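Overview (structure and organization)
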Amino acid sequence: MQDIEKISSLLSNALEYAADCDEITRIKEEMIEMGAMGALMSGSGSAVYGIFEKKKYAAKCAEVFSQKYDFVEICTPHYAGVDII
């Protein structure tokens, strides 16, 4: 579990600061409140993701966000990508 904690503590995206978007900040804060160990805007802003230790926290977050946004998915990481579940 230390690896996921380390990864979550090192999340960074310089473009997020350039985007300076209140909605991105709000989404990240909500994810953290719902149990994400870390949250970040992906790339140039096509998505925001959270890293969750427990699938139940990810599922609850996805349930809440699916009521606000058109596309919400839970992904499981793999060595060469992710599975969308």
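Each value, and the rule that gives it
- Residues numbered from 1 in each chain as written.
- Predicted model: local features only at pLDDT ≥ 70, side-chain atom pairs only at ≥ 80, totals over all residues.
- Heavy atoms only, no water.
- Core = buried A, V, L, I, M, F, W, Y, C linked by side-chain atoms within 4.5 Å.
- Buried < 20%, exposed > 50% of the residue type's maximum accessible area, 1.4 Å probe, protein only.
- Helix = DSSP H or I, 4+ residues; strand = E, 2+ residues; numbered from the N terminus.
- Contact = heavy atoms within 4.5 Å.
- Patch = residues over 30% accessible without salt bridge, like charges linked within 9 Å, V, L, I, M, F, W, Y side chains within 5 Å.
- Areas by Shrake-Rupley, 256 points an atom, 1.4 Å probe, with all protein chains shown as cover.
- Salt bridge = Lys/Arg side-chain N within 4 Å of Asp/Glu carboxyl O.
- 1 Å grid on protein atoms, 1.4 Å probe; cavity = no way out; pocket = protein on both sides within 12 Å on 5 of 7 lines; lining within 4 Å.
- Points joined across faces, edges and corners; volume = space filled by probe spheres on them.
- Nonpolar A, V, L, I, M, F, W, Y, C, P; charged D, E, K, R; others polar.
- Phe/Tyr/Trp six-rings, centres within 6.5 Å; stacked < 30°, edge-to-face > 60°.
- Pairing = 2+ DSSP bridges.

By size, the foremost hydrophobic cluster in this structure holds 11 residues: I27, M31, M34, A36, A39, F52, A58, C61, A62, F65 and I74. Mapped onto this core, the elements with two or more residues apiece are helix 3 (22–33), strand 1 (36–42) and helix 4 (55–66). The contacts of C61, once residues within four sequence positions are left out, are M31, M34 and F52.

With that settled, the discussion passes to a nonpolar patch on the surface. On the surface, F71, V82 and I84 cluster together into a nonpolar patch covering about 350 Å² of accessible area. Within the fold, V82 resides in strand 4 (residues 81–84).

With that settled, the discussion passes to the layout of surface pockets. Size it by volume and the largest pocket reaches roughly 990 Å³. Considering the residues around the largest pocket, the lining is formed by 33 residues, among which M31, V48, Y49, G50 and E73 are closest to the centre. Looking at the lining of the largest pocket residue by residue, the class counts come to 23 nonpolar, 5 polar and 5 charged.

What follows concerns the packing of aromatic side chains. Per the counting criterion, the structure on display carries 1 aromatic pair. The interplanar angle of 40 degrees and the centroid separation of 5.9 Å between the aromatic rings of F65 and Y69 together place this pair among those described as tilted.

Take the pairing of strand 2 (residues 47–52) next. Bridging between strand 1 and strand 2 involves 6 bridges; their strand directions are antiparallel. Among the inter-strand pairings, A39 is bridged to a residue of strand 2, identified as G50. Adjacent in sequence and paired antiparallel, strand 1 and strand 2 are bridged by 4 residues, among which G43 carries a positive phi angle near 45 degrees.

Moving on: the pattern of salt bridges. Inspection of the entire model under this criterion finds 3 salt bridges. A salt bridge links E16 to K28, with the nearest nitrogen and oxygen atoms 2.3 Å apart. Remark: K28 occurs in helix 3 and E16 occurs in helix 2 (residues 14–19); sequence separation between them is 12 residues. Accessibility classification places E16 together with K28 in one group, the buried group. Here E63 and K60 are joined by a salt bridge, their closest N and O atoms 4.0 Å apart. Residue E63 and its partner K60 are both found in helix 4; the two are separated by 3 residues, about one turn of the helix.

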